[in-house]
Amino acid sequence: MRLLYFAWVKEKVGHASEEVAIPENVATVAELIAWLKSRGPEFANAFEREQVIRAAIDQSHVRHDARIGHAREIAFFPPVTGG
Amino acid sequence: MIRVQQEDFDIGAEVAKLTAGRTDIGAIVTFTGTVRDHDGAVEEMTLEHYPGMTERELSRIEAEAQARWPLQASLVVHRYGMLRPGDNIVLVVTASEHRDAAFDAAKFLMDYLKTSAPFWKRESGSGGSRWVEAEAGDADAAARWHKRNHAAE
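Residues numbered from 1 in each chain as written. Chains lettered and ligands numbered in written order. Predicted model: local features only at pLDDT ≥ 70, side-chain atom pairs only at ≥ 80, totals over all residues.

**What to know about the overall build of chain A**
Step number 1: What chain A contains, in helices and strands, is 3 helices and 5 strands.
Step number 2: Its helices and strands taken in sequence order, chain A reads β-α-β-α-α-β-β-β from the N to the C terminus.
Step number 3: A compact globule built from 83 residues would reach a C-alpha radius of gyration of about 12 Å, and chain A, at 12 Å, matches this within 12%.
Step number 4: The dimensions of chain A, computed from C-alpha atoms along their principal axes, are 35 × 30 × 20 Å.
Step number 5: A total of 83 residues make up chain A; the buried ones form 28% of that total.
Step number 6: Relative to all contacts within chain A whose residues are 6 or more apart in sequence, the contacts with residues 24 or more apart total 52%. (Helix = DSSP H or I, 4+ residues; strand = E, 2+ residues; numbered from the N terminus. Rg over C-alpha atoms; globule rule 2.2 N^0.38 Å. Buried ≥ 20, exposed ≤ 12 C-beta atoms within 10 Å, placed from the backbone. Contact = placed C-beta atoms within 7 Å.)

**Remarks on the packing of helix H2 (residues 53-68) of chain B against helix H3 (residues 99-116) of chain B**
Residues and elements named next belong to chain B.
Step number 1: At their nearest, the axes of H2 and H3 sit 10 Å apart, and the two run at 150° to each other. If you check the angle between H2 and H3, you find them roughly antiparallel. At the point where H2 passes H3, the crossing takes the right-handed sense. Residue-level contacts link Glu57, Leu58, Ile61, Glu62, Ala65 and Arg68 of H2 to Ala105, Phe108, Leu109, Tyr112, Leu113 and Ser116 of H3.
Step number 2: For the contact of H2 with H3, the per-class residue count stands at 8 nonpolar, 1 polar and 3 charged. (Axes fitted to C-alpha atoms, helices over the stretch in contact; angles between N-to-C directions. Parallel < 35°, antiparallel > 145°, perpendicular 65-115°, else oblique. Left-handed = near helix turned anticlockwise from the far one by under 90°. Nonpolar A, V, L, I, M, F, W, Y, C, P; charged D, E, K, R; others polar.)

**Quick word on the pairing of strand E3 (residues 54-57) of chain A**
Residues and elements named next belong to chain A.
Step number 1: One ladder, built from 4 bridges, connects E3 with strand E5 (residues 73-77); its direction is antiparallel. From the neighbouring strand, Arg54 faces E5, where its bridge partner is Phe77.
Step number 2: Across 3 bridges, the pairing between E3 and strand E4 (residues 60-62) is antiparallel. Looking at the pairing, Ala55 lines up with Val62 of E4.
Step number 3: As consecutive antiparallel partners, E3 and E4 are separated by 2 residues, and within that stretch Asp58 has a phi angle of approximately 45°, a positive value. (Pairing = 2+ DSSP bridges.)

So this is what it looks like as structure tokens:
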């Protein structure tokens, strides 16, 4: 699965994207965040205020309780500030 | 129509293109968002976005505006990359038979774009650089359309 990071989430994680094999017991976005936080201090730092981080599955906004299913691409980013 | 681009846009040229040959339009509203300096603190603004999702979100928002109001034409252009104070960021054009639909749809498009289109602003200046934080007022503005929608049901 492809993970993408944007804005300060990307800066804290240290890269913009990566291919990962996620454990089978990770079923939701919230569980994916918990697993990511266990991967290293840069992830723990990036996702420290996880309630403010937004997620998108295959380029559609989702809540943290959304199921990952057969997602190809999951993105994490701060609240958007365009316009 | 939606477009995501680095280049600047010309408001007059965009409106002329959108309405060329049309005689059924009675009202055209344009909104332009520009880079604002805060007391000389902003020298540059960099807009990052999520290629692919940005286009999807803008198209989705535009389709929703067209479903809610009788629009003859609409256009959203959003820039990304490095901008300076005074530069254009975003253009919304709505055209309808009467002004109410054009005004309301333009505001709706901006309110929804501000809370759902995946863009992030980073401001840089003499005091360093920082990611712009989302404003609670933006979410409230988008939520108001939600309520209006429910109230109408």
